[in-house]
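Reading the structure
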Amino acid sequence: MTIRTLRDYGQHYRPRMACLKNVEVFVVEMQDPKSGVKGADQKLNVTIIPHVINGQDVLAWIVTKMKVTTEEAQAFGTMLVAYGYIYPLQNHRKLVLVPDSTLYRFQTPYFWPVQKWPAEDIDYAIYLARRNIRKKGMLEPYEQQHYDNLHKWMNPKWDFIVMQATEQYKANKERKKPDRVVLDCQERAYWIVHRPPRRTHSAMDYGLDRLIDPNAEEVLTFDVVRRTNIFLTQALMRSAVKSSVSLTAFVKFVTTHHNHDPFLTTPVPSNPWITDSDEFWQLNSRSVDIPTKLSVERWVLSFWELISDPRGRVDFKLFLKKEHSAENMAFYEAAEEMRWGAASAIPEKSQFIFNTFLKPGAPRWINIDGRTMGLTVKGLVVPHRYVLDAAQTHIFLLMKKDTFYRYLKSPVHKDMQKRALVPAPHVFTDAQLEANVRNRNPGISPILQWQQEEEEKAAAAVAARPIDVKAMVATNKLDRK
Amino acid sequence: MCDQTFLAITFGPCDSCSENRPLMNLYIKTEPINYCSLCMEIMACQGLASGETLKSLKAESETLRKKLEEERKKLHDVELEKVAEKAEALGELNMKTRRTLKGHGNKVLCMDWCKDKRRIVSSSQDGKVIVWDAFTTNKEHAVTMPTTWVMACAYAPSGCAIACGGLDNKCSVYPLSLDKDENLAAKKKSVAMHTNYLSGCTFTNSDMQILTSSGDGTSALWDVESGQLLQSFHGHSADVLTLDLAPSETGNTFVSGGSDKKANVWDLRSGQNVQSFDTHDSDINCVKYYPSGDAFASASDDSTCRLFDLRADREVSIYSKDSIMFGAASVDFSLSGRLLFAGYNDYTINVWDVLKGTRVAILFGHENRVSSLRVSPDGTAFCSGSWDNTLRVRQEGRGVGRELKQGGTTLYG
């Protein structure tokens, strides 16, 4: 059991429980004598308890008021019980709304969650002590455990606690029997919500407290205001786009990607999660020979889509090799690696990139304008992570605005479009589906795949290294005929 | 976006201290200057100049804010509903649970998908972090962290490592191995150090960098190999609860949401707060970028989810209903961006039509709060983790399908 240090937030609606404001309005409406849920008197073990409602009525009322389905109303009703706004009379530990003749009562506002928050240990101790006296030592096991714990922790205050408990017990005896029973039910319900026994579902558990009290008034010192002013000035200078333009862009994005969204269009051959066959993933993997038609259609949408898809990137590189402009993509990839790579590798990588791509007379010299080249070379003197940003952006835009369109018109791409597969949708019988469930393919571990890719990359790097003619002559590899 | 940042100088000599540092592009009375973050702080904290008082600064703040609102209003010429009328209506969606992953002994707090579209890492309150192959429901790796409340976990893009952290104020990276008997905790690497609990972490485009957010109000970018702090981001006035990295081609920004009801967009390189949105009424529990990178959605304790347009710099849509009164804990978009899945504290998941603003479906099944929700990288399914100790993978129920009755073989108990 946790003893929490008391933090006074000075207000009733803690932000994590902001939802309860609306819930309470709702519960008040529920209790309205004219338009709320109809309650009746119920006889329970000799005493007559007033204002008892049954689960069915509550559910029907919620459905009509909120205009929702029964399932949703059931979920909401259960939340009301879990927070303690309505409590069950008979099976008092089960905090769910059962939509039949199970009996419930509205909790008195005194015991609503926000009113007495947090539920204090000392109050719980007094309650348990009083219960102990009443039941003559026969507490429930979880209550007994709490009682023993509290007794240990609150030992110095124990005389006070017992004194309070006996006073309250005597005062209770003065009350009329029905009142006593009702009050007892209410209090018991309150404590079940705030100190739930094991395996009871109480909604009071909200997780961890926030570190900084969000309700505390923000102290605005002059530096905070200055920073806000700097931010606002910068925001004013930045240009924004018209709503119509950006919103139309969203609609366009959704429409173009509609066919690629597995939630909107059933994927072919079949969704692996539904039929337990992972053919969909195999057909779209990086190393497949012929990609699916859907993938190829996606590549056409934008340059970014093309290079984000590993199979698409392979295709694009093939096209670049034919055009003898593979150095652009190689530079882009090398710059990406440097940007997102380890800090210790930066000097080495920047040296490699300079020697391979930027140095005058470099083997894979990239063609960028003089200004950018000047900036980049100057920056490489003291290399840092973002030194290649300007060059990288230039090359990316070049590929996006020029090479990409040439790729789309190229025979490589057109050929791929013709050859692309349209896999037939799977039609499995029940027996086959059961077989699929039993034989789910474990697939390749991503670690193995990563190792494979690294090996391929290393091999490609070796192959791309410029051939040193002199060395080859020296070892007599070149036959001079 | 790419064109705008073409010539912006993000690294170089600071105008004030002349040292080579990542630079922030600021404007002082419409004059552009490039300061490093340290000089900007010094400038902000300078004593009040003659003639300046706190009151005059606040008045200046008010006028700037009004001016900004006017400017934005001029550009606001149409609502999303109007533009979305052209979009066709969605059919009925019938989602079923395809897999239930049982094995955590306590609340599941966070989960993440691997880029191979079938593996999941999930973390729970009792300190256990489990890597599952969700397709076969096998547990592949399990790590016990020396802390409880592991609120953040992430899968590396290569699939070879996981990162997690929580109440220990650190983010630790565990390289995964093929050897099943190896003790993963032996190779653990402590990367991030915050002064309070870790609320979110994500790898950037490689295994070498991690972005973290913490309850101490800051976010930070770290180098995994050396544990070095590369950039820190200050600006939230309360706990930062969530963050998401932009999927765009430039990949230079990320958005974070906090307990101060604000969602801030940051530049990764300079640490500058580029945009800020504060229309929520309560803590923001989760933020996620739209697939195109031009917008993001947020889920908050005020029971609403909202869509913010980054190019027009305003909130464009609110997803709420009178019958939903409990806070939203997590959101994610489907692949096309048409559907928004949101997990709530009343144990349900609501599916919203992003363009039309209506609710498409409500999903039940969890027995406690839905704490985290993510769509798989290729959009074939989504997984929700809940405080009822389970994770559920769900997909559309059209056509054939089988609900799994029993979990597969477990490799780790």
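Keep in mind that this is a model prediction, so the values were computed, not measured.

1. A word on the overall build of chain B
Secondary structure summary: chain B contains three helices and 31 strands in total. For chain B, the spread of C-alpha atoms along the principal axes amounts to about 75 × 55 × 35 Å. Buried residues in chain B amount to 62% of all 413 residues. Pairs at least 24 residues apart make up 45% of the contacts formed inside chain B by residues separated by at least 6 positions. Treating the 46 positive side-chain charges of chain B as one cloud and the 53 negative ones as another, the clouds have centres 5 Å apart.

2. Side note on the overall build of chain A
Of the regular secondary structure elements, chain A holds 22 helices and four strands. Computed over C-alpha atoms, the radius of gyration of chain A comes to 36 Å, more than 25% over the 23 Å expected from 2.2 N^0.38 for 481 residues, which places it beyond the range of a compact globule. With the principal axes as the frame, chain A shows a C-alpha extent of 120 × 70 × 50 Å. The buried share of chain A, reckoned over its 481 residues, is 44%. The contacts of chain A with a sequence gap of at least 6 include a subset with a gap of at least 24, amounting to 63%. Roughly 26,100 Å² of accessible area belongs to chain A as shown, and the carbon and sulfur atoms make up 56% of that amount. Of note, chain A has its 67 positive side-chain charges centred 2 Å away from the centre of its 54 negative side-chain charges.

3. Focus: the packing of helix α18 (residues 389-409) of chain A against helix α19 (residues 411-419) of chain A
Residue and element names in this part refer to chain A. Here α18 crosses α19 at 50°, and the two axes come no closer than 5 Å. As judged from the angle between their axes, α18 and α19 are oblique. Contacts between α18 and α19 pair Y407, L408 and K409 from the former with P411, H413 and K414 from the latter.

4. Things to note about the interface of chain B and chain A
Counting from both sides, the interface comprises 156 residues of chain B and, opposite them, 114 residues of chain A. In total, about 11,500 Å² of surface goes out of reach between chain B and chain A, with carbon and sulfur atoms giving 63% of it. Scanning the region where chain B abuts chain A turns up four salt bridges. At the junction of chain B and chain A, the tally comes to 26 residue pairs in polar contact (both at pLDDT 80 or more). The residue inventory of the side of chain B that touches chain A, partitioned by class, reads 66 nonpolar, 44 polar and 46 charged.

5. Concerning the packing of helix α8 (residues 222-237) of chain A against helix α1 (residues 37-45) of chain B
Packed helices, taken two at a time, are described by the angle their axes make and the gap between the axes. Direction vectors running N to C along α8 of chain A and α1 of chain B enclose 125°, while the axes themselves pass 8 Å from each other. Considered as vectors, α8 of chain A and α1 of chain B are oriented oblique to each other. For the pair α8 of chain A and α1 of chain B, the crossing hand works out as right-handed. From α8 of chain A, F222, D223, R226, R227 and I230 of chain A reach across to α1 of chain B, where they touch M40, E41, M43, A44 and C45 of chain B. Within the contact of α8 of chain A with α1 of chain B, the residues separate by chemical class into six nonpolar, no polar and four charged.

6. Considering the packing of aromatic side chains
Counting across every chain of the model gives 40 aromatic pairs over all chains. Centre to centre, the rings of F263 of chain A and F341 of chain B are 4.9 Å apart; their planes meet at 50°, and the pair counts as tilted. Separated into two different chains, F263 of chain A in the loop between α9 (243-257) and α10 (272-275) and F341 of chain B in strand β26 (residues 339-344) make up a pair that spans both. The pair formed by F263 of chain A and F341 of chain B is uniform in burial state, with each residue classed as buried. Site record: aromatic cluster; members linked through ring pairs are F303, F316, F319, Y332, F396, F404, Y405 and Y407 of chain A. The side chain of R195 of chain A reaches across the aromatic face of Y124 of chain A, ending 5.4 Å from its centre.

7. Here's the deal with the UniProt feature "domain: RGS" (unreviewed entry) in chain A
Per the UniProt record, "domain: RGS" (unreviewed entry) is found at residues 302-417 of chain A. Secondary structure within residues 302-417 of chain A divides into 74% helix and 0% strand; the distance between the first and last C-alpha atoms comes to 16 Å.

8. Description of the UniProt feature "coiled-coil region" (unreviewed entry) in chain B
Mapped onto this structure's residue numbering, the UniProt feature "coiled-coil region" (unreviewed entry) falls at residues 54-88 of chain B. Helix and strand shares over residues 54-88 of chain B are 77% and 0% respectively, and the end C-alpha atoms of the span are 53 Å apart.

9. Overview of the sheet that holds strand β29 (residues 370-375) of chain B
All names here are of chain B. Spatially, β4-β31-β30-β29 is the arrangement adopted by the four strands of the open sheet, whose pairing is antiparallel. Strand pairing shows two members of the sheet lacking a second neighbour, β4 (95-102) and β29, which therefore form its edges. Between one strand axis and the next, the sheet turns by 20° as a mean value, whatever way the strands run. Pairing of β4 with strand β31 (residues 390-396), which is carried by seven bridges, proceeds in the antiparallel orientation. Following the sheet pairing, M95 is matched in β31 by E396.

10. Re the pattern of salt bridges
For side chains of opposite charge, pairing can occur when their charged atoms come near one another. In this structure the tally under the stated criterion is 33 salt bridges over all chains. As a salt-bridge pair, D121 of chain A and R195 of chain A come within 2.6 Å of each other at their nearest N and O atoms. With D121 of chain A in helix α4 (residues 121-135) and R195 of chain A in the loop between α7 (177-194) and α8, this pair connects stretches of sequence that are 74 residues apart. R72 of chain B is the partner of D313 of chain B in a salt bridge, and the nearest nitrogen-oxygen pair spans 2.9 Å.

11. Notes on the UniProt feature "domain: DEP" (unreviewed entry) in chain A
UniProt's feature table lists "domain: DEP" (unreviewed entry) at residues 33-108 of chain A, given in the numbering used throughout. Across residues 33-108 of chain A, the secondary structure splits into 34% helix and 26% strand, with the terminal C-alpha atoms separated by 15 Å.

12. Here's the deal with the nonpolar core
Residues and elements named next belong to chain A. In terms of nonpolar packing, the biggest core is built from 56 residues, with M30 and Y83 touching the most fellow members. Elements with a minimum of two residues in this core: α1 (19-30), α2 (55-66), α3 (70-83), β4 (103-106), α4, α5 (141-153), α6 (158-174) and α7. Ranked by the residues each element gives to this core, the list is headed by α3, at seven residues. Core analysis: the next-biggest nonpolar cluster, separate from the first, contains 34 residues, V296, A334, M373 and F396 among them.

13. Considerations on the confidence of the model for chain A
Detailed reading of the predicted coordinates is not advisable wherever pLDDT falls low. In the predicted model, chain A carries a mean pLDDT of 83, and 91% of its residues have values of at least 70. Ignoring residues within four places in sequence, the model shows residues 1-13 of chain A, a span with pLDDT below 50, making 21 contacts including any to other chains.

14. A short note on unusual backbone geometry
Leaving glycine out, the prevailing phi sign among residues is negative, and the prevailing peptide bond configuration is trans. Residues and elements named next belong to chain A. Going from V268 to P269, the amide bond is cis rather than trans, its omega being 0°. In this fold, P269 is placed in the loop between α9 and α10. In this structure, H51 is a non-glycine residue whose phi angle is positive, near 55°. Structurally, H51 can be placed in strand β2 (residues 47-54). Residue H51 is classed as exposed on the basis of its relative accessible area, which comes to 56%.

15. Looking at the pairing of β31 of chain B
All names here are of chain B. Of all seven residues in β31, seven are buried, a share of seventy percent or more. By the bridge criterion, four bridges tie strand β30 (residues 382-386) to β31 in an arrangement that is antiparallel. Across the sheet, the residue bridging to F382 is R394, located in β31. In this structure, the hairpin formed by β30 and β31 is closed by a connection of three residues, where N389 is found at a positive phi of approximately 75°.

16. Describing helix α17 (residues 370-379) of chain A
All names here are of chain A. All buried positions along α17 are accounted for by T372, M373 and T376. For α17, the angular spread of the buried residues around the axis is 100°, confining them to a single face. Facing away from the buried surface of α17 by more than 90 degrees, the exposed residues are G370, R371 and K378. Where α17 is buried, its residues contact α16 (346-358) and α18.

Conventions and cut-offs
- Residues numbered from 1 in each chain as written.
- Chains lettered and ligands numbered in written order.
- Predicted model: local features only at pLDDT ≥ 70, side-chain atom pairs only at ≥ 80, totals over all residues.
- Heavy atoms only, no water.
- Helix = DSSP H or I, 4+ residues; strand = E, 2+ residues; numbered from the N terminus.
- Buried < 20%, exposed > 50% of the residue type's maximum accessible area, 1.4 Å probe, protein only.
- Contact = heavy atoms within 4.5 Å.
- Lys, Arg positive; Asp, Glu negative; His and termini not counted.
- Charge placed at Lys NZ, Arg CZ, Asp CG, Glu CD.
- Rg over C-alpha atoms; globule rule 2.2 N^0.38 Å.
- Areas by Shrake-Rupley, 256 points an atom, 1.4 Å probe, with all protein chains shown as cover.
- Axes fitted to C-alpha atoms, helices over the stretch in contact; angles between N-to-C directions.
- Parallel < 35°, antiparallel > 145°, perpendicular 65-115°, else oblique.
- Buried area = accessible area lost by both parts, 1.4 Å probe.
- Salt bridge = Lys/Arg side-chain N within 4 Å of Asp/Glu carboxyl O.
- Polar contact = N/O pair within 3.5 Å; in protein donor to acceptor, adjacent residues only side chain to side chain.
- Nonpolar A, V, L, I, M, F, W, Y, C, P; charged D, E, K, R; others polar.
- Left-handed = near helix turned anticlockwise from the far one by under 90°.
- Phe/Tyr/Trp six-rings, centres within 6.5 Å; stacked < 30°, edge-to-face > 60°.
- Lys NZ or Arg CZ within 6 Å of the ring centre and 35° of its normal.
- UniProt positions renumbered as here; feature names shortened; annotations may be inferred.
- Pairing = 2+ DSSP bridges.
- Core = buried A, V, L, I, M, F, W, Y, C linked by side-chain atoms within 4.5 Å.
- pLDDT = per-residue confidence, 0-100.
- Arc of directions from axis to C-beta.

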